[in-house]
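Descriptive structure summary
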Amino acid sequence: MTPDIRTYSVLLVSAAQKGNNTLVSFFPGDRFEPVTVAGTVAAARRRLSDRDYDLVIVNAPLPDDFGRKFAADVCAESERVALLLVRSDVYDGICSQMTPRGVLVAKKPLDALSMAQILNGMCSVRERMRTVGKKTMTLEDKMEEIRLVNRAKWALISACRMTEEDAHRYIQKKAMDLCLSKKEAAESILRIYGPEGK
C-alpha cells in the first residue's frame, strides 16, 4: 500500500520572466499545487493575505525590495517554509543573516536535481512545522482545561465550602459519571457556581 502523497501549495515570488518558466517547471503538479507567481513583494503580500501557502520561494532581488525581510516575515508569521534564491557572490553574507531567522538560502542558478533536493527538504520542514503546530495547539487546549478546572475548584470551595482536594475529586467524579471531559465538567460547574451562574 502506498502512502497518501500530500500536495504543497507554492508561492513563487520572482520578477524574472524568462526564469519563471524554468522555476515553475521544477514543481511537479502531482506534488505541488497550486503554484502561484507574484512579481513583487507587494503582490506576494497580497497573495498571502488571500490564502495560505505551504512553501514560499523568493527569487531575489525583486523590483520593490531585495526580498530578505519578506522571507524572514514569512517564517516569523506562520508555519510556512521560505527559500531565498540569491546570486552566488552574495550567498555567504545573506546565508549568515537569514539562517538564524529560519529562512533557507540557495545559490542560483539551480538545476532540476538540486531544486528537487531543496524542495524535499522544504517539504520535510513543513511537515515538522505542522506537527509542532498541532502539539502547540494541544498544549494550549491542555492549559485552557487546567485554567477552567482551577476556576471550577475555587467556585466549589467558595460556594460549597469544600476543601481543594474535595473540589478536585468532585470535578473528576462528575466527569467520569457523566462521561465528560474535565473541561466540560468544569464548565458545567462554573455555569452553576461561577460568578455568572449565581
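Described in the following lines is the structure provided in the data block. Each chain carries its own residue numbering, running from 1 in the written order of its sequence. Given that the model is predicted, a residue must reach a pLDDT of at least 70 before its local features are reported, and side-chain atom pairs must reach 80 or more before they are shown or counted; all residues, however, enter totals for whole chains, interfaces and linings. Only hydrogens and water are set aside; all other atoms, that is, all heavy atoms of the structure, feed into the side-chain values.

Right, let's get into the pairing of strand 3 (residues 55–59). Counting buried positions along strand 3 gives 5 out of 5 residues, so the element sits mostly inside the fold. Each residue is assigned to one of three classes by its accessible area relative to the maximum for its type, calculated with a 1.4 Å probe on protein chains only: buried under 20%, partly exposed between the two thresholds, exposed over 50%. Strands are runs of DSSP state E lasting at least two residues, helices are runs of H or I lasting at least four, and both sets are numbered from the N terminus onward. Side chains Leu-55, Ile-57 and Asn-59 project from strand 3 onto one buried face, and the interleaved Val-56 and Val-58 project onto a second face that is buried too. Strands are treated as partners if at least two bridges between them are detected by DSSP. Pairing between strand 1 (residues 8–13) and strand 3: 4 bridges, direction parallel. Looking at strand 3, one finds that Val-10 is bridged to Leu-55. Bridge count between strand 3 and strand 4 (residues 81–87): 5 bridges; the pairing is parallel.

The next thing to look at is the nonpolar core. If you look at the biggest cluster of nonpolar residues, it comprises 26 residues, and the most contacted ones within it are Val-56 and Phe-70. Mapped onto this core, the elements with two or more residues apiece are strand 1, helix 2 (41–50), strand 3, helix 3 (68–77), strand 4 and helix 4 (91–98). Top element by residues in this core is helix 3. It accounts for 5 residues. If we skip the residues at most four places from it in the chain, Phe-70 touches Val-13, Val-41, Ala-44, Arg-45, Leu-48, Val-56 and Val-58. Formed by 18 residues, the second largest nonpolar core is a distinct cluster that contains Leu-12, Phe-32, Val-81 and Ala-106. Buried residues of nine kinds, namely Ala, Val, Leu, Ile, Met, Phe, Trp, Tyr and Cys, make up a nonpolar core once their side-chain atoms join them within 4.5 Å. The contact rule is simple, with two residues in contact once any of their heavy atoms fall within 4.5 Å.

What follows deals with the pairing of strand 4. By the criterion of burial, strand 4 is predominantly enclosed, with 6 of the 7 residues buried. Pairing between strand 4 and strand 5 (residues 104–108): 5 bridges, direction parallel. The residue bridging Val-86 from the neighbouring strand is Lys-107, located in strand 5.

This part takes up the packing of aromatic side chains. Stacked, tilted and edge-to-face are the three classes assigned to paired rings of Phe, Tyr and Trp, where Trp is represented by its six-membered ring and a pair needs centres within 6.5 Å; plane angles under 30 degrees give stacked, over 60 edge-to-face, the rest tilted. Using the criterion set out here, one finds 2 aromatic pairs in the structure. On the numbers, 6.2 Å between centres and 40° between planes, the contact of Tyr-8 with Phe-32 is tilted. One end of the pair, Tyr-8, is in strand 1; the other, Phe-32, is in strand 2 (residues 32–38), and 24 residues separate them in sequence. Residue class for Tyr-8 comes out buried when judged on its relative accessible area of 6%. Note on Phe-27 and Phe-32: the rings are 5.7 Å apart at their centroids and 70° apart in plane angle, and the pair reads as edge-to-face. The same class applies to Phe-27 and to Phe-32, which are both buried. Feature note: the residues Tyr-8, Phe-27 and Phe-32 constitute an aromatic cluster, connected by ring pairs. Geometrically, a lysine NZ or arginine CZ counts as sitting over a ring once it is within 6 Å of the ring centre and also within 35 degrees of the ring normal. Taking NZ or CZ as reference, Arg-51 lies 4.9 Å from the ring centre of Tyr-53, over its face. Over the aromatic face of Phe-66 sits the side chain of Arg-68, whose NZ or CZ is 4.6 Å from the ring centroid.

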